[in-house]
Amino acid sequence: MAVFVALGAFLMTLAGGWTAQRVTDRRHLVLGLAGGLMLGVVGLDLLPEALEAAGEEVFGVPAALLLFVAGFLFAHLVERLLAARRAAHGADEHGGSTPQVGLTAAAAMVGHSAMDGVAIGAAFQVGGGMGAAVAMAVVAHDFADGFNTYTLTSLYGNARRRAVAMLFADAVAPVLGAASTLLFSIPEGALGAYLGLFGGVLLYLAAAEILPEAHHEHPARSTLLCTVAGAAFIWLVVGIAE
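Predicted model, so just to flag it, every value in this text is computed and none were measured.

1. Overview of the overall build of the protein
Of the regular secondary structure elements, the protein holds eight helices and two strands. Each helix and strand of the protein, ordered N terminal to C terminal, gives the series α-α-β-β-α-α-α-α-α-α. Scored against the burial criterion, the 242 residues of the protein give a buried share of 45%. Sequence separation of 24 or more characterises 82% of the internal contacts of the protein that already satisfy a separation of 6 or more.

2. Points about the packing of aromatic side chains
Summed over the entire model, instances satisfying the criterion amount to three aromatic pairs. A centroid spacing of 6.1 Å and a plane angle of 85° characterise the contact between Phe10 and Phe168, whose relative ring orientation is edge-to-face. Residue Phe10 is found in helix 1 (residues 2-22), and its partner Phe168 is found in helix 6 (residues 160-180); the two are separated by 158 residues along the sequence. Note on Tyr194 and Phe198: the rings are 6.0 Å apart at their centroids and 15° apart in plane angle, and the pair reads as stacked. Placement of both Tyr194 and Phe198 in helix 7 (residues 188-216) is noted, with a separation of four residues, approximately one turn of the helix.

3. A word on the confidence of the model for the protein
Per-residue confidence for the protein gives a mean pLDDT of 80; residues scoring 70 or more make up 87%. Below a pLDDT of 50 lies the segment residues 91-95, which in the model reaches five contacts outside its immediate sequence neighbourhood of four places, other chains included.

4. Notes on the packing of helix 1 against helix 6
Put simply, helix 1 and helix 6 touch, their axes get as near as 7 Å, and they point 165° apart. Taken together, the axes of helix 1 and helix 6 are roughly antiparallel relative to one another. The handedness of the crossing between helix 1 and helix 6 comes out as right-handed. Taking contact as the criterion, the partners of Ala2, Val3, Ala6, Leu7, Ala9, Phe10, Thr13, Leu14, Gly17, Trp18 and Gln21 in helix 1 are, on helix 6, Arg160, Val164, Leu167, Phe168, Asp170, Ala171, Val172, Pro174, Val175, Ala178 and Ala179. For the contact of helix 1 with helix 6, the per-class residue count stands at 17 nonpolar, three polar and two charged.

About the criteria used
- Residues numbered from 1 in each chain as written.
- Predicted model: local features only at pLDDT ≥ 70, side-chain atom pairs only at ≥ 80, totals over all residues.
- Heavy atoms only, no water.
- Helix = DSSP H or I, 4+ residues; strand = E, 2+ residues; numbered from the N terminus.
- Buried < 20%, exposed > 50% of the residue type's maximum accessible area, 1.4 Å probe, protein only.
- Contact = heavy atoms within 4.5 Å.
- Phe/Tyr/Trp six-rings, centres within 6.5 Å; stacked < 30°, edge-to-face > 60°.
- pLDDT = per-residue confidence, 0-100.
- Axes fitted to C-alpha atoms, helices over the stretch in contact; angles between N-to-C directions.
- Parallel < 35°, antiparallel > 145°, perpendicular 65-115°, else oblique.
- Left-handed = near helix turned anticlockwise from the far one by under 90°.
- Nonpolar A, V, L, I, M, F, W, Y, C, P; charged D, E, K, R; others polar.

Written as structure tokens, this is what we have:
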């Protein structure tokens, strides 16, 4: 049942990536929506789950929040190192962009999608009701995952075929993750730590990369509305799942 439900996540991920491809003439709206979706996923989904799963404190601070900050700083460090490398070698063939950043971000999305599949499988091991609730949340927000994976990969100058390849990997990941729960299970504390770390990475990409790029050439009110709509959509998904 878990693997069957994960096939729904596979289709929703592809649908999200297809949507991102078809609206290239409204790139600023795509980026604004992607930023809102990422912000909503981090603040309304990942962090609450991480705090619940890994709520122990380290020197007065929840471990999940420490890892959240570590993820944010890690993403910043990786971007700065890649930017410094590009500057040392002059402008590259992508017009000064850093394709490695897009591939790294997309790879992180693939890892997150695999954990989504693991979450579906683990929830069904607890019970059918829990499995259905988790599956609803995962399938709904995997549309955002596919949308963001394609957008992140192409934003940094990667060729379309690379973006499509990363999108397909992101779509397959939850199916493989769900299937893996037939062999093992992840301790709750480790899952919470992962969610906190990934949340920090995702927030950095949204706040430092996606949203500034969305408003760089088109500081339109419609772009801001798309961002708000993206965050509100995730709120709706979380509320329905609860």
